[in-house]
Amino acid sequence: MNEHLKKLSQQWINEFLKTASKSSALRKTIHQHPQISGEEGPTKELMLKEMGISFDSVAETGAVGRIGPTIGPSIGMRGELDALPVQENTNVEWAATSNKMHACGHDIHLAALAGVVNAAKNIDLPFGLVPILQPREETYPSGALDISESGLLEKHKVSHVIGAHVHPAIQLGSIAAGSGFVNAAAGEIEIRVRGKGGHGAYPHKANDVATPTAQIALGLSEVVRRNNDPMSPAVVSIGSISVGQGAANVLPQTGSIFATIRSTSIETNDELANQINQFATFTAQSLGCSAETRYTPGEPALVNADSLANKFESYAAEIDIPLANTMRSLGADDFSYYGENCPSLMCFVGVNEGDTPSLHDAEFLPPDEAIIHVAKAFITGYIAAADNLLER
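Conventions we followed
- Residues numbered from 1 in each chain as written.
- Predicted model: local features only at pLDDT ≥ 70, side-chain atom pairs only at ≥ 80, totals over all residues.
- Heavy atoms only, no water.
- Pairing = 2+ DSSP bridges.
- Helix = DSSP H or I, 4+ residues; strand = E, 2+ residues; numbered from the N terminus.
- Contact = heavy atoms within 4.5 Å.
- Axes fitted to C-alpha atoms, helices over the stretch in contact; angles between N-to-C directions.
- Buried < 20%, exposed > 50% of the residue type's maximum accessible area, 1.4 Å probe, protein only.
- 1 Å grid on protein atoms, 1.4 Å probe; cavity = no way out; pocket = protein on both sides within 12 Å on 5 of 7 lines; lining within 4 Å.
- Points joined across faces, edges and corners; volume = space filled by probe spheres on them.
- Nonpolar A, V, L, I, M, F, W, Y, C, P; charged D, E, K, R; others polar.
- Disulfide = S-S within 2.5 Å.
- Phe/Tyr/Trp six-rings, centres within 6.5 Å; stacked < 30°, edge-to-face > 60°.
- UniProt positions renumbered as here; feature names shortened; annotations may be inferred.
- Polar contact = N/O pair within 3.5 Å; in protein donor to acceptor, adjacent residues only side chain to side chain.

Student: Describe the sheet that holds strand E4 (residues 128–134), with residues and values.
Tutor: An order of E1-E2-E4-E3-E5-E15-E6 is seen for the seven strands of this open sheet, with the pairing classed as mixed. What marks the edges here is a single partner per strand, and that holds for strand E1 (55–58) and strand E6 (175–176). Sheet analysis places E6 next to strand E15 (residues 344–352), joined by two bridges and oriented antiparallel. Looking at the pairing, Ala176 lines up with Phe348 of E15. Together, E1, strand E2 (62–65) and E4 form the strand contacts of helix H3 (residues 41–51), whose direction differs from that of E4 by roughly 155°. In the packing of helix H4 (residues 106–120) onto the sheet, contacts are made with strand E3 (74–80), E4 and strand E5 (158–171), and the angle to E3 comes to roughly 145°.

Have a look at this one:
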């Protein structure tokens, strides 16, 4: 335990708390005006104005900046800019009124990041702090991958990256920052079934595309069960399925299924995608139709660096931050690309108040108090990374 860093963390948190109301106001502005992946420009500009430091543009709608020491190694902090295509159902005055919503808590992360950066201007940082305003966390192509490949992290000599994500599976105020595997490798697969359309009264003159589409959808879980090692978790979940245009007496020509594949490795996902392709092809053929699949590989598994996780927990205990058990799930986050670039740490910040809706739910709305807890996670993560650098 480095006593100077411990005092620095407490000073930093106190500086943040002095202007926590500004962070709350920023959160509401971001929440009320969400932009989905690829359209985050206005949110980025708002963040740049709020932080008032110089940034390099990256990944079309993202930015990377730096404060503190301008030479030597630095520590990154990631904030996600994008919202989701969800119609909000929270009924707060500052709810989004479009069909877009910050249903994953990115508004909380951004507000905390801006407050942490501004608070850092009043303390003596031992290493550079690199705020990463990242686009396209919710979709592909990955914004984190673009930033990792941009050269900006190397330019700033980023040695560690810290992330924080709210999570309703953890009690409000507690933080999970365990080491090792914490999030899945992910990918998306689209299945298109094709056949001959016709009249519902004469099915023998056409193909009933709805039937193979439904059978493929129902069989995806069996593909996982029969091809994946049961000791290694994996899941295929359907996000959308469609057949036809709503007419009861029209046999459509096409059907589609859009699903996510999650497991502990990219290699497992690739194999499952291959097995799904075979299953869809033969199932459709058995009913006189055809099927084709398009698989989009996503981010690798997210693995927290042991040294950062251990140091985080040590410092958190010293400054009275409640620690939760390690959070491991088949959720996915492209933060994992930073972990492939340098040892990194994702912290999961609890927002569970008893009946909190799920991430991506139209009613998901953590309290403003979560901004403070995310800020503490960012600051403690930086302190753990600084301790790591001082030991080199």
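Student: Lay out the environment of Thr281 with the relevant residues and their values.
Tutor: Following the sequence through the fold, Thr281 ends up in helix H8 (residues 266–286). Thr281 sits in the buried class, given a relative accessible area of 18%. In the structure, Thr281 is positioned 146 residues away from Pro135 in sequence and 35 Å away in space, judged by C-alpha atoms.

Student: Outline the sheet that holds strand E8 (residues 185–194), listing residues and values.
Tutor: Across the sheet, which stays open at both edges, the four strands sit in the order E10-E12-E8-E13 with antiparallel pairing between neighbours. With partners counted over all chains shown, the strands left at the sheet margins are strand E10 (234–243) and strand E13 (290–297), one partner each. The average undirected angle you get between the axes of adjacent strands in this sheet is 20°. Alignment of E8 against strand E12 (residues 254–263), held across 10 bridges, turns out to be antiparallel.

Student: Before we move on, can you summarise the layout of surface pockets with the specific residues and values?
Tutor: One number sums up the size of the largest pocket: a volume of about 920 Å³. Going through the elements one at a time, E5, E8, E10, E12 and E15 are the ones with two or more residues in the lining of the largest pocket. The residue inventory of the lining of the largest pocket, partitioned by class, reads 15 nonpolar, 14 polar and six charged. Taken as a whole, the second largest pocket spans an internal volume of roughly 190 Å³. Around the second largest pocket, the lining comprises 13 residues; the ones closest to its centre are Val243, Gly244, Gln245, Pro252 and Thr254. By residue number, the principal contributor to the lining of the second largest pocket is E12, which donates three residues.

Student: Go over the state of the cysteines with me, naming the residues and quoting the values.
Tutor: In total, this model carries zero disulfides according to the counting rule given. Cys104 takes part in no disulfide bond, and the closest cysteine sulfur, belonging to Cys347, lies 16 Å away. The exposure class assigned to Cys104 is buried, which follows from its relative accessible area of 7%.

Student: Now, about the packing of aromatic side chains: what can you tell me, with residues and values included?
Tutor: Aromatic ring pairs: the centre-centre distance and the angle between the two ring planes describe each pair. One pass over the structure, following the stated rule, counts two aromatic pairs. On the numbers, 5.0 Å between centres and 80° between planes, the contact of Trp12 with Tyr382 is edge-to-face. In this pair, Trp12 sits in helix H1 (residues 3–18) while Tyr382 sits in helix H11 (residues 369–390), placing the two residues 370 residues apart along the sequence. When its relative accessible area of 0% is taken as the criterion, Trp12 is described as buried.

Student: Can you break down the UniProt feature "domain: Peptidase M20 dimerisation" (unreviewed entry) in the protein chain residue by residue, with the values?
Tutor: The UniProt record marks residues 188–280 with the feature "domain: Peptidase M20 dimerisation" (unreviewed entry), using the residue numbering of this structure. Structurally, residues 188–280 comprises 35% helix and 33% strand, and the distance from its first C-alpha atom to its last is 15 Å.

Student: Account for the side chain of Arg27, naming residues and giving values.
Tutor: Along the polypeptide, Arg27 turns up in helix H2 (residues 20–32). At 3.0 Å, the side chain of Arg27 forms a polar contact with the backbone oxygen of Pro366. A polar side-chain atom of Arg27 sits 2.6 Å from a polar atom in the side chain of Asp368. Those residues within four positions of Arg27 in sequence are excluded, and the remaining contacts are Trp94, Asp107, Ile108, Ala111, Leu365, Pro366, Pro367, Asp368 and Ile371.

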